[in-house]
Amino acid sequence: MGLQAKASGGFSLVMVLILLGALALASAHTMRSASSSAKVANSFHMQAMALQSAQTALYFCEQQLLQPEAQRLAQLLDAALPVGTAAAPVWLQAARWRSAALLSPPASWLASGVWPVCMVEKQPLGAGHVHVVTARGFSPDWRGDTEAATLGGSAVWLQSVVLVDAGEVRDRVQRRLLQPPVR
């Protein structure tokens, strides 16, 4: 009986070690999966913050266009706006996105992170013109290089084509830019 008890105890010990190993592997997999899920959730959160930042800049520039000329920022006076065409828009020029002439909403509009920027150009339309407002918003963890290209974090580009007449928006088309001039 003593020999059989020792053999049975040895078998039980082996089974317990195998079960402990399996539990350790399952725990490691669960931890890795949880960490991966947290990274994905954070990425979605940063993308949403960049979108809100771009919306803020777009709204700011559009609201400036609705102001009378005397009350607008100097960069948004009609005479100061660059003129582009549908075939050769100004906003597609990457160098323009590295310039200090870009507009940012006031500091009171922003929570934290990198300030969003916007650019406004005029494009001819019939006897008049439309304003093309392009905005770029960033997540708080955004990092860029000297060429304004994204190295880390999120950047979102939004654009609206606005027909302003007598201080009112007569028509607006908005879109999200998926292939911007600067990534």
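A brief report on the enclosed structure follows. (Residues numbered from 1 in each chain as written. Predicted model: local features only at pLDDT ≥ 70, side-chain atom pairs only at ≥ 80, totals over all residues. Heavy atoms only, no water.)

**Remarks on the overall build of the protein chain**
The criterion, for reference: Only DSSP runs of H or I covering at least 4 residues are called helices, and only runs of E covering at least 2 are called strands; the numbering of each starts at the N terminus. Just to be clear, the radius of gyration here is over C-alpha atoms, and the globule rule we use is 2.2 Å times residues to the power 0.38. Should any heavy atoms of two residues lie within 4.5 Å, those residues are considered in contact. Here the open area of atoms and residues is found with the Shrake-Rupley method and a 1.4 Å probe, where only the protein chains shown may cover a residue. We count Lys and Arg on the positive side and Asp and Glu on the negative side, and we leave His and both chain ends out. Charged side chains are reduced to one point each, which is NZ for Lys, CZ for Arg, CG for Asp and CD for Glu.
From N to C terminus, the protein chain includes one helix and six strands. Computed over its C-alpha atoms, the radius of gyration of the protein chain comes to 28 Å, more than 25% above the 16 Å expected for a compact globule of 183 residues. For the protein chain, restricting intrachain contacts to residue pairs at least 6 apart in sequence, the fraction spanning at least 24 positions comes to 55%. Summed over its atoms, the accessible surface of the protein chain is roughly 11200 Å², and 62% of this surface lies on carbon and sulfur atoms. In the protein chain, which carries 14 positive and 10 negative side-chain charges, the distance between the mean positions of the two groups comes to 16 Å.

**Some remarks on the nonpolar core**
Operational definition: Among buried residues, the Ala, Val, Leu, Ile, Met, Phe, Trp, Tyr and Cys ones that are joined through side-chain atoms within 4.5 Å form a nonpolar core. Only protein chains enter the area calculation, which uses a 1.4 Å probe; residues under 20% of their type maximum are buried, those over 50% are exposed, and those in between are partly exposed.
Within the largest apolar cluster, 17 residues are counted, with the highest numbers of intra-cluster contacts made by Cys61, Cys118, Val120 and Val133. When contributions to this core are tallied by element, the ones reaching two or more residues are α1 (2-66), β1 (117-125), β2 (128-138) and β5 (155-165). When residues in this core are grouped by element, the largest group, seven residues, is from α1. What Cys118 contacts, discounting residues up to four positions off in sequence, is Ala57, Phe60, Cys61, Leu102, Leu103, Thr134 and Ala135.

**Some details on the state of the cysteines**
Convention followed: By definition, disulfides here are pairs of cysteine sulfur atoms that lie within 2.5 Å.
Per the stated rule, a full pass over the model turns up one disulfide. A disulfide bridge connects Cys61 with Cys118, and the sulfur atoms are separated by 1.7 Å. Residue Cys61 is located in helix α1, and its partner Cys118 is located in strand β1; the two are separated by 57 residues in the primary sequence. You can call Cys118 buried: its relative accessible area is 1%.

**Here's the deal with the packing of aromatic side chains**
As a reminder, the rule being used: Pairing of aromatic side chains requires ring centres within 6.5 Å, counting the rings of Phe and Tyr and the six-membered ring of Trp. Pairs whose planes differ by under 30 degrees are stacked, by over 60 edge-to-face, and all others tilted.
Scanning all chains against the criterion turns up two aromatic pairs. Here the aromatic rings of Trp97 and Trp157 are separated by 4.6 Å at their centres, their planes lie at 70°, and the arrangement is edge-to-face. Of this pair, Trp97 sits in the loop between α1 and β1 while Trp157 sits in strand β5, and the two are 60 residues apart along the sequence. Accessibility classification places Trp97 together with Trp157 in one group, the buried group.

**Notes on the pairing of β2**
This is how it is decided: Pairing between two strands is assigned when DSSP locates at least 2 bridges connecting them.
Counted residue by residue, β2 has nine buried out of 11 residues, so it is predominantly covered. By the bridge criterion, nine bridges tie β1 to β2 in an arrangement that is antiparallel. Paired with Cys118 across the bridge in β2 is Ala135. The loop that links β1 with its antiparallel partner β2 comprises two residues; one of these, Gly126, has a positive phi angle of about 60°. As defined by bridge partners, β2 adjoins β5 across eight bridges and the pair is classed as antiparallel. Its bridge partner lying in β5, Ala135 is registered against Leu158.

**Concerning the side chain of Ser53**
Note that Ser53 resides in helix α1. Owing to a relative accessible area of 10%, Ser53 belongs among the buried residues under this scheme. Not counting residues up to four positions away in its chain, the partners in contact with Ser53 are Val114, Pro116, Gly137 and Phe138.

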